[in-house]
Amino acid sequence: MSTIVTKFGGSSLADASQFKKVKNIILSNDERRYVVPSAPGKRNSKDSKITDLLYLCHAHVSTGISFDDVFNHIKDRYCAIVSDLDLTFNIREHLDIVKKDLEDGASSDYAASRGEYLNGLILANYLGFEFIDAKDVMIFNNDGSLDSEATASTLKARLAITPKAVIPGFYGADKESNIITFSRGGSDVTGALVAASIDADLYENWTDVSGFLMADPRIIQNPKPISKITYSELRELSYMGASVLHEDAIFPVREIGIPINIKNTNKPEDEGTFIVKDTDISSKPTAITGIAGKKDFTVISLSKASMNSELGFCRKLLSILEQHNISFENMPSGIDTVCLVISDSQLKNKKDAVLEEIKRTCNPDNIEVHPNMAMIATVGRGMAKQRGTAAKIFTSLSNAEINIRMIDQGSSEMNILVGIENDNFEKGIVAIYNAFN
Ligand code: ASP
């Protein structure tokens, strides 16, 4: 029998009515054997995520302020889910333990992880599945990084004797049994690790949208959905700001080629988006798959005569960034020129010191700084084999009277990146989208 690992996001488990949808989805296919829940998310735009409230409880305890009000709110939400589902499960006793642990100074990771833990207990009870505490199967090193090998082997052994289980997302424990969480949105990573450990046939990631769209719906009205996308394309789009899935959720399943299907809990009949290996896409690719972008970059352009033959120029340049603990996004170069594209959040107040050091160490003829830049990535596995993609992008921007300040085509030939002024960002996305649709 095939095995499907399903992960449900916070909005899919925000209240009892969402739990009912989730149960219907799981029970409609016997192959859905392992379920990874998030903590209850927002029920509407003004609502709070349980994870945020738990972090708040921890912050209150650390500053000596009473957290009773916030905790009671959390308690009410879980109790309402249990009673609306007509379960006899005693969630209160688990909530009391969590409260006591928080009072006793539990860590912020512990606090945050309880959202998934409590939701997992309820879901397991509701489905009649076994509950596997993630602290026993997601193994972290004592420095906080994941021990992938130990996690894979522990999960594999445990699931081999467990036909159906709920494994809460987002956390695990280190070798001293301290609870450690992934970064925010990390239940996606848990789901991917569970799927990879048993070589599942499919990893379904259930959320509140029917998969990926070709562009951000806040900028483009009703953008076309993406039915199939490769792991590499998704990586490029996610990196440039298209968010549905946690970035780190791709690697574990990509290695062994398990497809991911992004599905909508509120519209289970929609196909959603399939994320697959490059070789699994047989249909002729269209020129572009999606467009994404981000604002607030600074571009530092350097020119120096005979830069191309100067040994060690780039090494010196990059080591300056490294010394300042700055990572860069792109580094397009010409014969005697090189640009560094750096996100403002990285550069922060280190700009002057970095520029000074570049001048001193690299001795460029000219150095220019362009702040307030936005990057737009146009991604498509088909563009390498098709003529005219770049021409279309540049013409559309020129027709929209947008000045392109930087162009970079990654070595993958799957992504054309343009740098434009922040103010032109939305207009640029619209222009490129319209050129291909
Ligand atoms: N509940 C966690 C968060 O809000 C993890 C997750 O939902 O994936 O980030």
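Criteria and cut-off values
Residues numbered from 1 in each chain as written. Predicted model: local features only at pLDDT ≥ 70, side-chain atom pairs only at ≥ 80, totals over all residues. Heavy atoms only, no water. Pairing = 2+ DSSP bridges. Helix = DSSP H or I, 4+ residues; strand = E, 2+ residues; numbered from the N terminus. UniProt positions renumbered as here; feature names shortened; annotations may be inferred. Buried < 20%, exposed > 50% of the residue type's maximum accessible area, 1.4 Å probe, protein only. Contact = heavy atoms within 4.5 Å. Polar contact = N/O pair within 3.5 Å; in protein donor to acceptor, adjacent residues only side chain to side chain. Salt bridge = Lys/Arg side-chain N within 4 Å of Asp/Glu carboxyl O. Near = heavy atom within 4 Å. Areas by Shrake-Rupley, 256 points an atom, 1.4 Å probe, with all protein chains shown as cover. Axes fitted to C-alpha atoms, helices over the stretch in contact; angles between N-to-C directions.

1. Brief notes about the pairing of strand β11 (residues 273-276)
As judged from the three bridges shared by strand β9 (residues 228-230) and β11, these two strands associate in the parallel manner. By the bridge assignment, Lys228 is partnered in β11 with Phe274. Relative to β11, strand β10 (residues 260-264) is paired through three bridges, and the arrangement is antiparallel. For Asn261, the partnering residue across the bridge sits in β11 and is Phe274.

2. Quick look at the UniProt feature "binding site: ATP" (unreviewed entry) in the chain
UniProt annotation of "binding site: ATP" (unreviewed entry) refers to Lys7, Phe8, Gly9, Gly10, Thr207, Asp208 and Arg218 when read in the numbering used here. Taken together, the annotated residues stretch across 212 residues and extend over separate regions, lying up to 25.7 Å apart by C-alpha. With respect to the helices and strands, the residue Lys7 is situated in strand β1 (residues 4-8). On the basis of relative accessibility, which here comes to 7%, the residue Lys7 falls in the buried class. Leave out the neighbours within four places in its chain, and Lys7 touches Val36, Ser38, Ser187, Asp188, Tyr203, Glu204, Asn205 and Trp206. At 2.9 Å, the side chain of Lys7 and the side chain of Asp188 are in polar contact. With respect to the helices and strands, Asp208 occurs in the loop between β8 (202-207) and β9.

3. Quick word on the pattern of salt bridges
Counted according to the given criterion, the structure contains 19 salt bridges. When the shortest N-O distance is used, the salt bridge between Lys304 and Glu310 registers 2.9 Å. On the basis of relative accessibility, which here comes to 14%, the residue Lys304 falls in the buried class. Glu310 sits in the partly exposed class, given a relative accessible area of 23%. Each of Arg43, Asp47 and Arg77 takes part in one network of salt bridges that share partners.

4. Observations regarding the sheet that holds strand β7 (residues 179-181)
Strand order in the open sheet formed by three strands is β4-β6-β7, with mixed pairing between adjacent strands. Every other strand in the sheet has two partners, leaving β4 (139-140) and β7 as the edge strands with one partner each. The pairing of β4 with strand β6 (residues 171-174) spans two bridges and is parallel. The residue bridging Ile139 from the neighbouring strand is Ala173, located in β6.

5. Structural notes on the site of the ligand
In the neighbourhood of the ligand, the contacting residues comprise Ser38, Lys49, Thr51, Glu116, Phe170, Arg184, Gly185, Gly186 and Ser187. A distance of 3.1 Å separates an oxygen atom of the ligand from a polar atom in the side chain of Lys49. Contact distances for the ligand include 2.6 Å between a nitrogen atom and a side-chain N or O atom of Glu116. Relative to its unbound accessible area of 260 Å², the ligand is 94% covered by the protein chains.

6. So, the pairing of strand β16 (residues 415-421)
By the criterion of burial, β16 is predominantly enclosed, with six of the seven residues buried. Bridge count for strand β15 (residues 406-409) against β16 is four bridges, and the pairing is antiparallel. If you follow Met406 over to β16, its bridge partner there is Gly419.

7. Some words on the sheet that holds strand β13 (residues 337-343)
Taken in spatial order, the five strands line up as β13-β12-β14-β16-β15 in an open sheet, and their pairing is antiparallel. The open sheet has two free edges, formed respectively by β13 and β15, since each of these has just one partner strand. Going across the sheet, the axis of each strand differs from the next one's by a mean of 35°, ignoring polarity. Across seven bridges, strand β14 (residues 366-379) lies against β16 in antiparallel orientation. Bridge pairing links Met373 to Glu421 in β16. Where helix α12 (residues 351-362) meets the sheet, it contacts β12 (290-303) and β14, and its direction lies at approximately 115° from that of β14.

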